[in-house]
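Reading the structure
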Amino acid sequence: MSTVHFHKTTTATPEQFVAGLTDFGPGRSKVFSNSADKDLVVHDRGPDWADVTEGSKGTWERLHYDWSRPDRVVLTTSDSNAWGGASGHTYTFTKNPDGTTDVDLVTVREGKNLKGRLLGVVLGTVGKRVLSTAFENSVTAIEASNNGANAT
């Protein structure tokens, strides 16, 4: 099992970040590069949760999104062609006195088969840098979309 932690400070508010994270519409892959638009399926959705399948490059997972707490979004893997067990993602948001927000992401990957175990090894080594870049790009994209929305 691999667990990786990421942190970035953004000008987006927690509410803006949650809105970006839970926007399952077209163009999601521009914000979240590991979520190809063609592989995205929203199975069901409520006011503070969603059941979504997403992935890219041949790896997919079905995730239960829970954003019932304003300071946290939890994505729990319910099915996948690679991940099982305790796999998922937890985003935590902390408002700072200067108006910025700290975004912390913890990703847990527990391989359920050979593919998942091999990807877990890669994640624990060189893959962390790739995921870190993807996380930073997502934060930047959400920030930019909110700055663009505020500029009009």
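Our subject in this report is the structure included herewith. Since the model is a prediction, treat every value here as computed from it, not as a measurement. (Residues numbered from 1 in each chain as written. Predicted model: local features only at pLDDT ≥ 70, side-chain atom pairs only at ≥ 80, totals over all residues. Heavy atoms only, no water.)

Some words on the overall build of the protein
Of the regular secondary structure elements, the protein holds three helices and seven strands. Mapped from its N terminus to its C terminus, the protein presents α and β elements in the order β-α-α-β-β-β-β-β-β-α. The C-alpha extent of the protein, read off along each of the three principal axes, is 50 × 30 × 25 Å. Counting only residues that meet the buried cut, the protein has 43% of its 152 residues in that class. (Helix = DSSP H or I, 4+ residues; strand = E, 2+ residues; numbered from the N terminus. Buried < 20%, exposed > 50% of the residue type's maximum accessible area, 1.4 Å probe, protein only.)

Considering the nonpolar core
One finds Phe-17, Tyr-65, Val-73, Tyr-91, Phe-93 and Phe-135 to be the most contacted residues of the largest nonpolar core, which totals 24 residues. Elements with a contribution of two residues or more to this core: strand 1 (2-10), helix 1 (14-21), strand 3 (49-56), strand 4 (59-69), strand 5 (72-80), strand 6 (88-95), strand 7 (101-109) and helix 3 (114-151). Sorting elements by how many residues they give to this core places helix 3 first, with four residues. Dropping the residues within four chain positions of it, Phe-93 is found in contact with Pro-14, Phe-17, Val-18, Pro-70, Asp-71, Arg-72, Val-73, Thr-101, Asp-102 and Val-103. (Core = buried A, V, L, I, M, F, W, Y, C linked by side-chain atoms within 4.5 Å. Contact = heavy atoms within 4.5 Å.)

Re the sheet that holds strand 7
Here seven strands make up an open sheet; going across it, the order is 1-7-6-5-4-3-2 and the pairing antiparallel. Where the open sheet ends on each side, the last strands, each with one partner, are strand 1 and strand 2 (41-45). Between one strand and the next, the sheet's axes are offset by a mean angle of 20°, whatever the strand orientation. Of the pairings in the sheet, the one linking strand 5 to strand 6 comprises five bridges and is antiparallel in character. Bridged to Thr-76 within strand 6 is Gly-88. Strand contacts of helix 1: strand 4, strand 5, strand 6 and strand 7, with the helix running at about 155° to strand 6, the strand carrying the most contacts. (Pairing = 2+ DSSP bridges. Axes fitted to C-alpha atoms, helices over the stretch in contact; angles between N-to-C directions.)

Some thoughts on the pattern of salt bridges
Pairing between side chains of opposite charge can happen when their charged atoms approach one another. What the rule picks out here adds up to seven salt bridges. Linking Glu-54 and Arg-28 is a salt bridge whose minimum nitrogen-to-oxygen distance equals 3.0 Å. Here Arg-28 lies in helix 2 (residues 28-31) and Glu-54 lies in strand 3, a separation of 26 residues in the sequence. Given a relative accessible area of 7%, Glu-54 falls into the buried group. (Salt bridge = Lys/Arg side-chain N within 4 Å of Asp/Glu carboxyl O.)

Quick notes on the packing of aromatic side chains
Considering all chains together, one arrives at four aromatic pairs under this definition. Ring centres of Phe-24 and Tyr-65 lie 4.9 Å apart, and the angle between their planes is 80°; on these two criteria the pair is classed as edge-to-face. Taken together, the positions of Phe-24 in the loop between helix 1 and helix 2 and Tyr-65 in strand 4 put the pair 41 residues apart, joining distant regions of the chain. There is no split in this pair, since Phe-24 and Tyr-65 are both buried. By the ring-pair criterion, three or more aromatic residues cluster together here, those being Phe-17, Tyr-91 and Phe-93. (Phe/Tyr/Trp six-rings, centres within 6.5 Å; stacked < 30°, edge-to-face > 60°.)

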